[in-house]
Amino acid sequence: MKDKAKYILEVSVTEAEKNPDCDIIGLKIEKNEVEALKKLLPLINKPLMIRADTDVLLEVMKILDRECIIGIADENNYKALVPPVIEGGHTLIIRTPIDINLAKEMNILTSDMGLPLDKILIDTDIGGIGYGFEYGYSIMEKIKHEDDKYLNMPIISFAAEETAKTKEAKDENMSLFLEITSASAVKAAGADYVVLTKPEAVKTMRGLE
């Protein structure tokens, strides 16, 4: 395995208060949860990753009490997200569809708006969209081997989110196995941040390092 990755555990807003065992707590926020998050922020003592629709992200960034990972930006919404991300000193996840050239282009466009390169996380969208896992894996490897300042950013992977969509994942034991397997694969490919949904998966991945 490569250098240690940081593991992000996505939980509900109420579960975040328990400060689960992970490097970063991930929250997928709906519009009706913004006020609840505002009240719970002082009780959460870990770094945060916030994911939401664009309009919700704009609202959430107004109440955050710390620098966070914000996502997800793409070609459709980056112009709206970059200014408040810069203002809050946050880090932005930028997603492009398994294409090294598109990833570089988006990083150039956002940096031209003033976003520091060290505040960008690359999301190659390794999900099951018809290419096959091997192709997604190879793109991650290519990015890691490029000597290019516009690609020399950490990679974040949501591969475990895709395994949860498979019919096999209906079985709880198989779901955990698939999450660990996909996390191990993207970690080997070079992912610096791996987003998981099960505490057991975080524990197992740490044990493998």
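In this report, we go over the structure that sits alongside the text. This structure is a prediction, so every number in the text was calculated from the model and none was measured.

1. Let's talk about the environment of glutamate 162
Working step 1: Note that glutamate 162 resides in helix 7 (residues 159-163).
Working step 2: Assessed through its relative accessible area of 23%, glutamate 162 is described here as partly exposed.

2. Remarks on the packing of aromatic side chains
Working step 1: All chains considered together, the criterion is met by 0 aromatic pairs.
Working step 2: Arginine 95 extends its terminal NZ or CZ atom over the ring of phenylalanine 158, reaching a point 5.4 Å from the ring centre.

3. Quick notes on unusual backbone geometry
Working step 1: Geometrically, the link from glycine 71 to isoleucine 72 is a cis peptide bond, its omega value of 15° lying close to zero.
Working step 2: In this structure, asparagine 19 takes a positive phi of about 50° despite not being glycine.
Working step 3: Mapped onto the elements, asparagine 19 comes out in the loop between helix 1 (13-16) and strand 2 (24-28).
Working step 4: Under the relative-accessibility criterion, asparagine 19 is labelled buried at 18%.
Working step 5: Phi is positive for isoleucine 98, close to 50°, though the residue is something other than glycine.
Working step 6: In this structure, isoleucine 98 sits in the loop between strand 5 (91-95) and helix 5 (100-112).

4. Looking at the sheet that holds strand 2
Across a sheet, paired strands are connected by hydrogen bonds in the backbone, their directions being either parallel or antiparallel.
Working step 1: Reading across from one edge, 6-5-4-3-2-1-8-7 is the order of the 8 strands in this open sheet, with parallel pairing throughout. What marks the edges here is a single partner per strand, and that holds for strand 6 (120-123) and strand 7 (156-157).
Working step 2: Sheet topology note: the strand 7/strand 8 (residues 193-196) ladder contains 2 bridges and is parallel. Following the sheet pairing, isoleucine 156 is matched in strand 8 by tyrosine 193.

5. Side note on the nonpolar core
Buried together is how nonpolar side chains tend to be arranged in soluble globular proteins.
Working step 1: If you look at the biggest cluster of nonpolar residues, it comprises 59 residues, and the most contacted ones within it are Leu27, Ile29, Leu37, Ile50, Ile70, Leu92 and Leu196.
Working step 2: For isoleucine 70, the contacting residues outside a window of four places in its chain are Ile50, Leu57, Met61, Leu64, Val85, His90, Thr91, Leu92 and Ile93.
Working step 3: Met49, Ile72, Leu121 and Val195 belong to the second largest nonpolar core, which has 11 residues in total.

6. Quick look at the packing of helix 8 (residues 172-189) against helix 9 (residues 199-207)
Working step 1: At their nearest, the axes of helix 8 and helix 9 sit 10 Å apart, and the two run at 45° to each other. Between helix 8 and helix 9, the angle is such that the two are oblique. Read as a crossing pair, helix 8 and helix 9 show a hand that is right-handed. Each of Leu176, Glu179, Ile180, Ala183, Ser184 and Lys187 in helix 8 lies in contact with helix 9, whose residues at this interface are Glu200, Ala201, Thr204 and Met205.
Working step 2: Here the residues of the contact of helix 8 with helix 9 are counted per class, giving 5 nonpolar, 2 polar and 3 charged.

What counts and how
Throughout this description, residue numbers start from 1 for each chain and increase along the sequence as written. The model is predicted, so local features are restricted to residues of pLDDT at least 70 and side-chain atom pairs to those at 80 or more, both for listing and for counting; the totals for chains, interfaces and linings are taken over all residues. Excluded from the side-chain calculation are hydrogens and water; included are all heavy atoms of the structure. Counting from the N terminus, the helices are the DSSP runs of H or I reaching at least four residues and the strands are the DSSP runs of E reaching at least two. When accessible area is computed with a 1.4 Å probe and restricted to protein chains, residues below 20% of their type maximum are described as buried, those above 50% as exposed, and intermediate ones as partly exposed. Stacked, tilted and edge-to-face are the three classes assigned to paired rings of Phe, Tyr and Trp, where Trp is represented by its six-membered ring and a pair needs centres within 6.5 Å; plane angles under 30 degrees give stacked, over 60 edge-to-face, the rest tilted. The criterion for a charge sitting over a ring is simple: Lys NZ or Arg CZ within 6 Å of the ring centre, and within 35 degrees of the ring normal. Should DSSP find at least two bridges between two strands, the strands are regarded as paired. Throughout this description, the term nonpolar core refers to a set of buried Ala, Val, Leu, Ile, Met, Phe, Trp, Tyr and Cys residues connected via side-chain atoms within 4.5 Å. Contacts between residues were defined by any pair of non-hydrogen atoms, one from each residue, lying within 4.5 Å. Every axis in this analysis is a line fitted to C-alpha atoms, fitted for helices over the stretch in contact. Angles between the N-to-C directions lie between 0 and 180 degrees. Should an angle lie under 35 degrees it is considered roughly parallel, over 145 roughly antiparallel, and from 65 to 115 roughly perpendicular; all remaining angles are considered oblique. The sense of a crossing depends on the near helix, which, turned anticlockwise from the far helix by less than a right angle, makes the crossing left-handed and, turned clockwise, makes it right-handed. Residue polarity is assigned by list, with Asp, Glu, Lys and Arg as charged and Ala, Val, Leu, Ile, Met, Phe, Trp, Tyr, Cys and Pro as nonpolar; anything else, Gly included, falls into the polar class.

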